[in-house]
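Given next are the chains, with one letter for each unit.
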Amino acid sequence: MAQATGPSRSHPATLSDVARLAGVSVATASKALNGRSQVRAETRQRVIEAAERLSFRPNQVARGLLAGRTGTVGLLTSDLEGRFSIPILMGAEDAFGAGEVAVFLCDARGDAIREQHHVRALLGRRVDGLIVVGSRTDPRPSLGRELPVPVVYAYAPSDDPEDLSIVPDNVGAGRIAVDHLLACGRTRIAHITGDPGYLAAQDRAEGALAALADAGLVLVGQPRFGAWSEGWGRAATAMLLDRHPDVDAVLCGSDQIARGVMDVLRERGHRVPEDVAVMGFDNWRVLTSASRPPLTSVDMNLEQVGRAAAHALFTAIGGTSRSGVESLPCRVVIRGSTAPLS
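All values derive from a computational prediction rather than experimental measurement.

**Considerations on the confidence of the model for the protein**
Residue-level pLDDT values for the protein average 88, and 89% of them are 70 or greater. Low confidence marks residues 1–9, where pLDDT is under 50. Its contacts with residues over four positions away, or in another chain, come to 7 contacts.

**What to know about the sheet that holds strand S7 (residues 249–252)**
As summarised here, the arrangement of the 5 strands in space is S6-S7-S8-S9-S11, forming an open sheet in which the pairing is mixed. Both outer strands of the open sheet, strand S6 (189–192) and strand S11 (331–333), are each paired with one neighbouring strand and no more. Each strand axis lies, on average, 20° off the axis of its neighbour in the sheet, ignoring direction. When strand S8 (residues 277–281) meets strand S9 (residues 296–299), the two strands line up parallel, connected through 3 bridges.

**Examining the nonpolar core**
Membership of the largest hydrophobic core comes to 40 residues, with the highest contact counts inside it found for Phe96, Ile131, Val152, Ile166, Leu251 and Val298. Tallying contributions element by element places helix H12 (residues 302–317) first for this core, with 7 residues. Looking at this core, you find at least three residues from each of domain 2 (70–168 + 302–329) and domain 3 (170–300). Residue contacts for isoleucine 166: discarding those within four places in its chain leaves Val152, Tyr153, Ala154, Tyr155, Val305, Ala308, Ala309, Glu326 and Leu328.

**Details of the pairing of S8**
Counting buried positions over the 5 residues of S8 gives 5, a clear majority of the element. Across the two faces of S8 the burial is the same, with Ala277, Met279 and Phe281 and Val278 and Gly280 all buried. Both S7 and S8 contribute to a ladder of 3 bridges, which runs parallel. Its bridge partner being in S8, valine 250 is matched across the sheet by valine 278. On the question of chirality, the crossover connecting S7 to the parallel S8 by way of helix H10 (residues 255–267) is right-handed.

**Brief notes about the environment of leucine 212**
Tracing the backbone shows leucine 212 in helix H8 (residues 199–214). When the C-alpha atoms of leucine 212 and arginine 188 are compared, they prove to be 9.9 Å apart, with 24 residues separating the residues in sequence. Leave out the neighbours within four places in its chain, and leucine 212 touches Val178, Leu182, Ile189, Leu217, Val218 and Leu219.

**What to know about the packing of helix H9 (residues 230–243) against H10**
Two numbers describe how H9 lies on H10: the axes approach to 7 Å, and their chain directions differ by 45°. As the angle between them shows, H9 and H10 are arranged oblique. Seen from above, H9 lies across H10 with right-handed handedness. Residue-level inspection shows Glu230, Trp232, Gly233, Arg234, Thr237, Ala238 and Leu241 of H9 in contact with H10, the latter providing Gln256, Ile257, Arg259, Gly260, Val261, Asp263, Val264 and Leu265. Looking at the contact of H9 with H10 residue by residue, the class counts come to 7 nonpolar, 4 polar and 4 charged.

**Let's talk about the side chain of threonine 72**
Topologically, threonine 72 is positioned in strand S1 (residues 72–77). In terms of polar contacts, threonine 72 uses its side chain to reach the side chain of threonine 70, at 2.7 Å. Residues contacting threonine 72, with those up to four places away along its chain left out, are Val101, Ala102, Phe104, Arg125, Arg126, Val127, Asp128 and Gly129.

**Observations regarding the packing of aromatic side chains**
As enumerated under the stated definition, the model contains 2 aromatic pairs in all. Pairing phenylalanine 84 with tyrosine 155 gives two aromatic rings, centres 5.9 Å apart and planes at 15°, and the pair type is stacked. Highlighted residues: phenylalanine 84 in the loop between S1 and helix H5 (85–98) and tyrosine 155 in the loop between strand S4 (151–154) and strand S5 (164–168), separated in sequence by 71 residues. With a centroid separation of 5.7 Å and an interplanar angle of 75°, the aromatic rings of tyrosine 198 and tryptophan 228 are classed as edge-to-face. One end of the pair, tyrosine 198, is in the loop between S6 and H8; the other, tryptophan 228, is in the loop between H8 and H9, and 30 residues separate them in sequence. For tyrosine 198, a relative accessible area of 26% translates into the label partly exposed. Under the relative-accessibility criterion, tryptophan 228 is labelled partly exposed at 23%. Directly above the ring of phenylalanine 104 sits arginine 125, whose terminal nitrogen or CZ lies 4.8 Å from the centroid. Sitting over the ring of tyrosine 198, arginine 136 keeps its end group 3.6 Å from the ring centre.

**A look at the pattern of salt bridges**
Within the structure shown, the criterion is met by 16 salt bridges. Where arginine 204 meets aspartate 282, a salt bridge forms, and the shortest distance between an N and an O atom there is 3.2 Å. Taken together, the residues span a long stretch of sequence, with arginine 204 in helix H8 and aspartate 282 in the loop between S8 and helix H11 (285–288) at a distance of 78 residues. For the residue pair arginine 204 and aspartate 282, the accessibility class agrees, reading buried in each case. Between arginine 234 and glutamate 230 there is a salt bridge, with the nearest N and O atoms lying 3.7 Å from each other. Taken together, the positions of arginine 234 and glutamate 230, both in helix H9 and 4 residues apart, correspond to about one turn of that helix. Note on arginine 234: relative accessible area 33%, which makes it partly exposed. Through salt bridges with shared partners, a single ionic network connects Glu230, Arg234, Asp263 and Arg266.

Analysis parameters
- Residues numbered from 1 in each chain as written.
- Predicted model: local features only at pLDDT ≥ 70, side-chain atom pairs only at ≥ 80, totals over all residues.
- Heavy atoms only, no water.
- pLDDT = per-residue confidence, 0-100.
- Contact = heavy atoms within 4.5 Å.
- Pairing = 2+ DSSP bridges.
- Helix = DSSP H or I, 4+ residues; strand = E, 2+ residues; numbered from the N terminus.
- Axes fitted to C-alpha atoms, helices over the stretch in contact; angles between N-to-C directions.
- Core = buried A, V, L, I, M, F, W, Y, C linked by side-chain atoms within 4.5 Å.
- Buried < 20%, exposed > 50% of the residue type's maximum accessible area, 1.4 Å probe, protein only.
- Domains from an automatic or database assignment.
- Right-handed = clockwise from strand over helix to strand, strands pointing away.
- Parallel < 35°, antiparallel > 145°, perpendicular 65-115°, else oblique.
- Left-handed = near helix turned anticlockwise from the far one by under 90°.
- Nonpolar A, V, L, I, M, F, W, Y, C, P; charged D, E, K, R; others polar.
- Polar contact = N/O pair within 3.5 Å; in protein donor to acceptor, adjacent residues only side chain to side chain.
- Phe/Tyr/Trp six-rings, centres within 6.5 Å; stacked < 30°, edge-to-face > 60°.
- Lys NZ or Arg CZ within 6 Å of the ring centre and 35° of its normal.
- Salt bridge = Lys/Arg side-chain N within 4 Å of Asp/Glu carboxyl O.

Structural data, given as structure tokens:
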């Protein structure tokens, strides 16, 4: 019997080479490598072994045409430099990488016209689906129901309930933040947060107030809304201490605000955490790790939001779609600014 030989080194192996070595037709080899169910298990294994022996790597476009897919997706963001969108994009790309999917990344820079241009360009490349990543958690306009590919929205939900949106649970985040402070023995808790025009600020305050009510407590004063800045944290803390010097914890709507809060507490002679516990939001490590003491913060699990959006898109591409807004839990990262009272 003549020994089967592979292709010469002058050209890469082809599907015909694999089929010849495995002793099957080209059509059967194609079905085996694309996971079609019509191929017997022993035949599939023989084809796979032949492909490995020949170092065969199928042409991705050809594979996609056979399966009706290109193996590419589009990730569309409106804030590529944002510290919220980047972890989401990283999580999505991790999930896509595990599935050997190529990613086209486009930044609309908050411009609706630019966004539409990117959508048309991505569809022109025959992407199998799109993930749209927002820069804030407020609802955003849907891309519409007429697109030829599935779309998943991450962080910023679509305003169309028929779309699927994956978001962090900001109300739940406010709850777990207060629960942590209560577990540390704090009972006179104030809340200094950011722009009231942001849904995240409203949702976090709602969760914090609900957790206090469940514990039979009330917030010290009203939620103090302002800017997402250290300057607002300093100004709001000065007003808070003038009116409520016996406060024993401050929940802040962001890590930047928390840094300003800690500055004024230190200036006024209040020790953190012995006298007043301080807690932030977003777990921005450049701030939390540099704080003295290190800042306890709520992590929004944004990489998980990205991974969940990618898995949801995989499912939709496979023909099983779902709709609505799905909220993912956040977590408290405990550091030295909220040690329990002794």
